[in-house]
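# Geometric and topological summary
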2 protein chains.
Amino acid sequence: MKEGPDIARLGSLIGDPARANMLTALLSGKALTASELAAEAGITSQTASAHLSKMEAGGLLAQRKQGRHRYFTLADDEVGSVLEAIMGLAARKGHLRTRTGPKDPALRHARVCYNHLAGDLGVQMMDSLLLRGYLTPENEGLGLTADGRAFFEEFAIDLEPLEKLRRPLCKSCLDWSNRRSHLAGSLGSALLTRFYDLAWAKRLEGSRIVSFSAGGEKEFLRLFAV
Amino acid sequence: MKEGPDIARLGSLIGDPARANMLTALLSGKALTASELAAEAGITSQTASAHLSKMEAGGLLAQRKQGRHRYFTLADDEVGSVLEAIMGLAARKGHLRTRTGPKDPALRHARVCYNHLAGDLGVQMMDSLLLRGYLTPENEGLGLTADGRAFFEEFAIDLEPLEKLRRPLCKSCLDWSNRRSHLAGSLGSALLTRFYDLAWAKRLEGSRIVSFSAGGEKEFLRLFAV
DNA sequence: AAGATGTTTCGTCTATGATCGAACCATGAA
DNA sequence: TTCATGGTTCGATCATAGACGAAACATCTT
């Protein structure tokens, strides 16, 4: 590969249309196999294989071998947030492209961003957590307050194991549609899982939409009122 | 250009080493000319020109034409933060960029720019005039307010003949050393002449340095305090 | 065991796009 | 005016990386 600043390496990885399609597919947070990703990008499996190893070498992807399949995911949360940030920028600057037309309202309302909740509801949750002082802005990041600790434990989220992880507990992620922050990090991920467990919401197959039930959304809005 | 998701367009813009070098140079926030950027990227000016127009079309850069120079900056803050985010992902520290402007401290302090005052003092004067509402930003230029009119007349500058000239009365000029604006136009020129007349300063023979006397600089700083 | 499916490696073709020389345009200086 | 300088446009060259066919490899199914 050509010499240049590291930022160019990442840029060129994201810059190929086939790879960009794969990456956006992986933004759903699901692990996808090499052939699924090939289909997603509209290329043959040989070509996809080459792309995938490049992206893995570039630190964008992680792979898990399972039987005769290889499952690929984004390497970590940061990759997801950077991709969302670029998509946000592209959406604002992309004058010519109106690919899926005026974006799907359901997608704006609630969707997964890698593994946490994004969209209007994600932003509102973040607002609420900040407003009530459960989370607090900390030098270049987010901190969990004592009140917040109590709140999450009350909501049946076990913080201890999360804090042992290498990935940050709280992280803010710029929302693609809203241009405001929502909660990422292992806590954001745990919250989304909890919503699934409570059957407040479920993933819509084959898309990034998170579909809340009527009752679930009501509970959600009450818990994270602003 | 190839079809693909918008994210790929941005990625490929960032992905070229030459362009990446230019973008990282611009991350300093300073405005740089096309040739400075060409040198930064180690390419000829023709090639740089092509890159720059692509990036401008892609919404990454804004340009400001001034005289025979073209000053480029990042289009807005969001572009900067996205670039920072990618650089963070690339786990790479921002390396040093080419130093801009003159090395001589006296030149940085006060010098002539064509026929008006530039350097630290020139920038400070501009700041002061804007801050006090004597000048005001107007669509693509600078306007003179009623207060400003009084102020300059008080300073024994006759505005009427200046306004009859073809060249604009007020013009903002990007400062070479500071990369911030100072006042150009016939008013800027008249002000410098007035400083000479008051013996606050004089031109240093054979250089662009404007040498203020101790007393003159004191008066100047009092008049254009910020 | 043979067959089917998923994935990678190899070889080759091809097209995109980065690059530069030369000429041209625009602006400022003499 | 003429000259110098910054910048762009045009044309041609050329390297790279993305694409696929074919074949090998790996793993599950029967």
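Read on for an overview of the structure.

About the criteria used
- Residues numbered from 1 in each chain as written.
- Chains lettered and ligands numbered in written order.
- Predicted model: local features only at pLDDT ≥ 70, side-chain atom pairs only at ≥ 80, totals over all residues.
- Heavy atoms only, no water.
- Near = heavy atom within 4 Å.
- Polar contact = N/O pair within 3.5 Å; in protein donor to acceptor, adjacent residues only side chain to side chain.
- Helix = DSSP H or I, 4+ residues; strand = E, 2+ residues; numbered from the N terminus.
- Nonpolar A, V, L, I, M, F, W, Y, C, P; charged D, E, K, R; others polar.
- Salt bridge = Lys/Arg side-chain N within 4 Å of Asp/Glu carboxyl O.
- Buried < 20%, exposed > 50% of the residue type's maximum accessible area, 1.4 Å probe, protein only.

## Description of the protein's contact with DNA strand D
- Every one of the 21 residues lining DNA strand D counts as a neighbour, but Gln-46, His-51, Lys-54 and Lys-65 of chain A together with Ser-35 of chain B are closest to it.
- Taking Arg-19 of chain A, its side chain carries an N or O atom lying 3.1 Å from a phosphate oxygen of DNA strand D.
- One of the side-chain nitrogen or oxygen atoms of Lys-65 of chain A is found 2.8 Å away from a phosphate oxygen of DNA strand D.
- Mapped onto the surface near DNA strand D, the elements with two or more residues apiece are α4 (45-57) of chain A together with α3 (34-41), α4 (45-57) and β3 (69-74) of chain B.
- It is α4 of chain A that provides the largest number of residues to the surface near DNA strand D, a total of four residues.
- Of the residues that constitute the surface near DNA strand D, the class distribution is two nonpolar, eleven polar and eight charged.

## So, the protein's contact with DNA strand C
- Close contacts around DNA strand C come from 22 residues, with Ser-35 and Ser-49 of chain A together with Gln-46, His-51 and Lys-54 of chain B the closest.
- For DNA strand C, the fraction of protein-proximal atoms (within 4 Å) that sit in sugar or phosphate groups is 72%.
- Between Gln-46 of chain B and DNA strand C, the recorded distance is 2.4 Å, taken from a side-chain N or O atom to a base nitrogen.
- In this structure, a phosphate oxygen belonging to DNA strand C sits 2.5 Å away from a side-chain N or O atom of His-51 of chain B.
- Looking at the surface near DNA strand C, the element that brings in the most residues is α4 of chain B, giving four residues.
- Looking at the surface near DNA strand C, its residues break down into four nonpolar, eleven polar and seven charged.

## A word on the pattern of salt bridges
- Counted according to the given criterion, the structure contains seven salt bridges over all chains.
- Among the salt bridges present, the one from Glu-160 of chain A reaches Lys-164 of chain A, with a minimum N-O distance of 3.9 Å. Note that Glu-160 of chain A and Lys-164 of chain A are positioned in helix α9 (residues 159-164) at a spacing of four residues, about one turn of the helix. This pair shows no difference in class: Glu-160 of chain A is exposed, exactly as Lys-164 of chain A is.
- A salt bridge links Arg-222 of chain B to Glu-219 of chain B; the nearest nitrogen and oxygen atoms lie 2.6 Å apart. Residue Arg-222 of chain B and its partner Glu-219 of chain B are located together in helix α11 (residues 214-223), separated by three residues, close to a single helical turn.
- Relative accessible area serves as the criterion here: at 34%, Glu-219 of chain B is assigned to the partly exposed category.
- Through salt bridges with shared partners, one network takes in Glu-84, Arg-111 and Arg-208 of chain A.

Note that all results are geometric; they support no functional claim without further evidence.
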